[in-house]
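Structural overview
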There are 2 protein chains.
Amino acid sequence: MRYRIGIDLGGTNIKAGIVNDENEIRWEKQIPTHAERPAQEVIRDMAELVNRLLWEYEMEKSQIAGVGIGSPGTVDAKTGVVVYSNNFGWENVPLGESLKKELKLPVRISNDANCAALGEVKAGAARTYANCVLITLGTGVGSGIVIDGRIFEGAHAGGAELGHTMLVQDGEACTCGRRGCLEAYASATALIRDTRRAAEEHPDSLLWSRCGGDLKNVDGRTVFDAAKEGDACAQAVVERYIRCLGDGIVNAVNLFRPDIVLLGGGICKQGEVLTKPLSEHVRQHCFGGEKSFIPKIGIAQLENSAGILGAAALIEA
Amino acid sequence: MRYRIGIDLGGTNIKAGIVNDENEIRWEKQIPTHAERPAQEVIRDMAELVNRLLWEYEMEKSQIAGVGIGSPGTVDAKTGVVVYSNNFGWENVPLGESLKKELKLPVRISNDANCAALGEVKAGAARTYANCVLITLGTGVGSGIVIDGRIFEGAHAGGAELGHTMLVQDGEACTCGRRGCLEAYASATALIRDTRRAAEEHPDSLLWSRCGGDLKNVDGRTVFDAAKEGDACAQAVVERYIRCLGDGIVNAVNLFRPDIVLLGGGICKQGEVLTKPLSEHVRQHCFGGEKSFIPKIGIAQLENSAGILGAAALIEA
């Protein structure tokens, strides 16, 4: 049996796993990233992590088909270069080439959200499909697009960024410098902002007791919890959130027309509270309506293992 | 030498041309479409047109590699079915299969905007590139996306519809039933609407003399002409138009990151009046900014022959 190694390069930890032909993580290990260090030190640690993993589990390099990396930031999958990562302070880091030199194994890289989407197609909620759009609802809005079983990168690095398509002209400021991007409405950060604003406007809202009277304690769940208890102010925030996310999903459908749209990230734990109204929204608004192909809306399954599995899937088994 | 036949199926005329290996139209013919007829009659006429073209120019079917069709509406390129065409009143018409039976030649179909984009890549303004997004600014906003020299269709029929991605939530009504789509701001129809509105609000505007005092005469050129003469009201309309188109192009860039974005359709005759400010807009607003790959903005070249050339290019030479 041939194995592949997947590396999930995160801002806090570097996780690496040995993945078998059936897309199962057999063994995994992690180390802290210390992303503030020079890139070459981080890459050397990645190589050492892989070597330790192989040594501990008594694997030979000849048993490994290659190493896939899911990296944050803008990644050029063709050249293996991290063009830009804001979190890491990286610019034009030849991650693929450097790790290949250290490990003497084939290396492929892609953006972390792309890898997560590929992971879901290979072994998660989209495993019965070949075409999937994954939208991760976290600090930002990430997206990964898989068409015919392969990551859709766009022609040059910096494509497939659904989070940075404009939805509300002259709307809320986005981290990318534009205003009104999907990310500025559908991220957990945006939801927390809107929860706080709604609470400030409605001193009688349940939102206040839900956060112990201190808006600093508001998180991505607060507004959903208060909405479930019947708080009208919270329900309005949730409705608006789902509407914006739904508009963004319809945009994605009108461009990529996948089999399924998956939601990932912290907010996706709300499950059917999101997927039911979103399915209805897509049915009503996508181009061609009932006459056209309408994708399913689902929740990502792999959670923390998506990164490793998706990265490993960059290497053909 | 092997030839291919390209058919441009339009609402008014059906045009067919015999295209050589160098993407030149050697001979062409056209007949009226009479789109109101049953689909099978239109298809029979398409077959007859091809047969007459072959007969007149003394070509044998054995010299023809195949027939490509650029069709309006939502097209399933895999099955050759026109899923839906509003203009033709077609639903689930097996255009590819039917024409193949009539002609006994391989037939491939795609949406007309997709074919126009492929035509530009093979023989037009994008011929030195493999990755191109074409946006046609006409009655509606069509789009064709070519990645690695092939049309990007999305996974199912009804993808690649940039004109039907939302830009202005709760904005102007769009023909697709949504509000605020790019088409509702960047089509010639939208520009004419906005020109009329501006004229009504500004009785002293040059727009009035430009249309002979009757807003019925406003067309896609009126506002550009008045803007060139220094009319502030017209300049504001042009500025807003370019801004909306620019925002739509940035969305396309953040998803597809092509080598070049081409503008087609009547409005594109404005040339540098559009491409200069749009290039600047994309440079300023696309994800990753100067650190990322920034596509060129250009004008489509093939005009009326794009349809035939692009349709023929569906058949591998």
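Refer to the structure above for everything that follows.
Model, not experiment: these values are computed from the prediction.

Right, let's talk about the overall build of chain A for a bit. Looking only at helices and strands, one finds 10 helices and 13 strands in chain A. Each of the three principal axes of chain A carries a C-alpha extent, and together these read 65 × 50 × 35 Å. Each of the 317 residues in chain A was classed as buried or not, and the buried ones make up 60%. Carbon and sulfur atoms make up 46% of the accessible area of chain A, which amounts to about 12,800 Å² in all. Taking the average location of the 34 positive side-chain charges in chain A and that of its 41 negative ones, the two points are 3 Å from each other.

In this complex, chain A contributes 44 residues to the contact, which on the side of chain B involves 44 residues. By the criterion of area lost to chain B, the three top residues of chain A are Gln169(A), Leu255(A) and Phe287(A), representing 19% of everything that side buries. In this structure, Arg243(B) engages Asp170(A) in a salt bridge whose closest nitrogen and oxygen atoms are separated by 3.2 Å. One can count 30 residue pairs in polar contact (both at pLDDT 80 or more) joining chain A with chain B. Where the side of chain A that touches chain B is concerned, the elements lending two or more residues are strand S6 (81-85) and helix H8 (232-256) of chain A. With 10 residues, the top contributor of residues to the side of chain A that touches chain B is H8(A).

Before going further, it helps to examine the packing of helix H8 (residues 232-256) of chain B against helix H9 (residues 272-285) of chain B. Residues and elements named next belong to chain B. Between H8 and H9, the shortest axis-to-axis distance is 9 Å and the interhelical angle comes to 50 degrees. When the axis of H8 is compared with that of H9, the two are oblique. Of the two elements, H8 crosses H9, and the hand of that crossing is right-handed. Within the contact between the two elements, H8 uses Tyr241, Ile242, Arg243, Leu245, Gly246, Asp247, Ile249, Val250 and Val253 and H9 uses Val273, Leu274, Pro277, Leu278, His281, Val282 and His285. Residue composition of the contact of H8 with H9, by class: 11 nonpolar, 3 polar and 2 charged.

All names here are of chain A. Here Gly96 shows up in helix H2 (residues 95-103). Its relative accessible area of 6% is what places Gly96 among the buried residues. Through-space distance from the C-alpha of Gly96 to that of Thr74 is 14 Å; in sequence the pair is 22 residues apart. Ignoring sequence-local partners within four residues, the contact set of Gly96 consists of Gly80, Val107 and Ile109.

The next thing to look at is the pattern of salt bridges. Under the counting rule described, the total for this entry stands at 29 salt bridges over all chains. Here Asp219(A) makes a salt bridge to Arg221(A), at a shortest N to O gap of 3.6 Å. We classify Asp219(A) as partly exposed; its relative accessible area is 29%. In this structure, Arg193(B) engages Asp194(B) in a salt bridge whose closest nitrogen and oxygen atoms are separated by 3.0 Å. Here the salt bridges do not stand alone but share partners, grouping Glu172(A), Arg193(A), Asp194(A) and Arg197(A) into one network.

Residues and elements named next belong to chain A. In space, the 5 strands of this open sheet follow the order S11-S10-S9-S12-S13, with mixed pairing throughout. The two strands at the open ends of the sheet, each matched to only one other strand, are strand S11 (150-151) and strand S13 (296-299). Bridge count between strand S10 (residues 141-147) and S11: 2 bridges; the pairing is antiparallel. Paired with Ile147 across the bridge in S11 is Arg150.

Attention now moves to the relation of the copies chain A and chain B. Superposing chain A onto chain B takes a rotation of 180 degrees combined with a translation of 0.0 Å along the rotation axis, leaving an RMSD of 0.0 Å. Viewed as a symmetry operation, the transformation between the two copies matches a two-fold axis. In this assembly, 100% of the residues forming the interface of chain A have copies in chain B that are likewise at the interface, indicating an isologous arrangement.

Here the focus is the packing of helix H1 (residues 39-56) of chain B against helix H2 (residues 95-103) of chain B. Helix-helix packing is described using two parameters, namely the angle between the two axes and the distance between the axes. Residues and elements named next belong to chain B. Taken N-terminus to C-terminus, the directions of H1 and H2 make an angle of 45 degrees; their axes are 10 Å apart at the nearest point. Considering the angle they form, H1 stands oblique to H2. Of the two possible hands of crossing, H1 and H2 adopt the one that is right-handed. Only Leu95, Ser98, Leu99, Glu102 and Leu103 of H2 make contact with H1, whose side of the interface consists of Gln40, Ile43, Arg44, Met46, Ala47, Val50 and Asn51. Of the residues belonging to the contact of H1 with H2, the class tally is 7 nonpolar, 3 polar and 2 charged.

The topology assignment puts Leu182(A) in the loop between S11 and helix H4 (183-186). Ignoring any residue separated from it by four or fewer positions in sequence, one finds Leu182(A) in contact with Val141(A), Leu162(A), Gly163(A), Thr165(A), Leu167(A), Ser187(A), Cys244(A), Leu245(A) and Gly248(A).

In this section: H9(B). Residue and element names in this part refer to chain B. For H9, which comprises 14 residues, the first-to-last C-alpha distance of 19 Å matches the rise-based estimate of 20 Å (1.5 Å per residue) to within 8%. Burial in H9 covers these residues: Leu274, Thr275, Leu278, His281 and Val282. Burial along H9 is one-sided: seen end-on, the buried residues are contained in an arc of 130 degrees. Pointing more than 90 degrees away from the buried face of H9 are the exposed residues Glu272, Lys276 and Gln284. The inward-facing, buried residues of H9 contact helix H7 (222-228), H8, strand S12 (260-264) and strand S13 (296-299).

Now for H8(A). Residues and elements named next belong to chain A. Between its first and last C-alpha, H8 extends 35 Å over 25 residues, near the 36 Å set by a 1.5 Å rise per residue. Most of H8 is tucked away, with 19 of its 25 residues classed as buried. In the segment just after H8, Arg257 is the residue with positive phi, at about 45 degrees.

Attention now moves to unusual backbone geometry. A positive phi is found at Lys104(A), a non-glycine position, where the angle reads about 55 degrees. Inspection of the secondary structure puts Lys104(A) in the loop between H2 and strand S8 (107-111). The exposure class assigned to Lys104(A) is exposed, which follows from its relative accessible area of 68%. One non-glycine residue, Asn23(B), lies in the positive phi region at around 60 degrees.

A complete count under the given rule lists 14 aromatic pairs over all chains for this structure. Considering the side-chain rings of Phe224(A) and Tyr241(A), the 6.3 Å spacing of their centres and the 90 degrees angle between planes classify their relative orientation as edge-to-face. Of the two residues, Phe224(A) is situated in helix H7 (residues 222-228) and Tyr241(A) in helix H8; the sequence distance between them amounts to 17 residues. Classification of Phe224(A) by relative accessible area gives buried; the value is 2%. A network of ring pairs unites the aromatic residues Phe152(A), Phe256(A), Phe152(B) and Phe256(B) as a single cluster. The aromatic ring of Trp27(A) is capped on one face by Arg26(A), whose charged end is 5.0 Å from the ring centroid.

Turning to the pairing of strand S2 (residues 13-19) of chain B, a few remarks are in order. Each regular strand carries side chains that alternate between the two faces of the sheet. All names here are of chain B. Here S2 lies mainly inside the structure; 6 of its 7 residues are buried. Bridge count for strand S1 (residues 3-9) against S2 is 6 bridges, and the pairing is antiparallel. Looking across to S2, one finds that Asp8 is bridged to Lys15. Linkage of S1 to S2, two consecutive antiparallel strands, is achieved through a turn of 3 residues. Direction of pairing for S2 relative to strand S3 (residues 25-32): antiparallel, over a ladder of 7 bridges. Its bridge partner being in S3, Ile18 is matched across the sheet by Trp27. In this antiparallel pair of consecutive strands, S2 and S3, the connection spans 5 residues, and Asn23 shows a positive phi of 60 degrees.

Reading guide: rules and limits
- Residues numbered from 1 in each chain as written.
- Chains lettered and ligands numbered in written order.
- Predicted model: local features only at pLDDT ≥ 70, side-chain atom pairs only at ≥ 80, totals over all residues.
- Heavy atoms only, no water.
- Helix = DSSP H or I, 4+ residues; strand = E, 2+ residues; numbered from the N terminus.
- Buried < 20%, exposed > 50% of the residue type's maximum accessible area, 1.4 Å probe, protein only.
- Areas by Shrake-Rupley, 256 points an atom, 1.4 Å probe, with all protein chains shown as cover.
- Lys, Arg positive; Asp, Glu negative; His and termini not counted.
- Charge placed at Lys NZ, Arg CZ, Asp CG, Glu CD.
- Contact = heavy atoms within 4.5 Å.
- Buried area = accessible area lost by both parts, 1.4 Å probe.
- Salt bridge = Lys/Arg side-chain N within 4 Å of Asp/Glu carboxyl O.
- Polar contact = N/O pair within 3.5 Å; in protein donor to acceptor, adjacent residues only side chain to side chain.
- Axes fitted to C-alpha atoms, helices over the stretch in contact; angles between N-to-C directions.
- Parallel < 35°, antiparallel > 145°, perpendicular 65-115°, else oblique.
- Left-handed = near helix turned anticlockwise from the far one by under 90°.
- Nonpolar A, V, L, I, M, F, W, Y, C, P; charged D, E, K, R; others polar.
- Pairing = 2+ DSSP bridges.
- Least-squares fit on C-alpha atoms with pLDDT ≥ 70 in both.
- Expected span 1.5 Å × (residues − 1).
- Arc of directions from axis to C-beta.
- Phe/Tyr/Trp six-rings, centres within 6.5 Å; stacked < 30°, edge-to-face > 60°.
- Lys NZ or Arg CZ within 6 Å of the ring centre and 35° of its normal.

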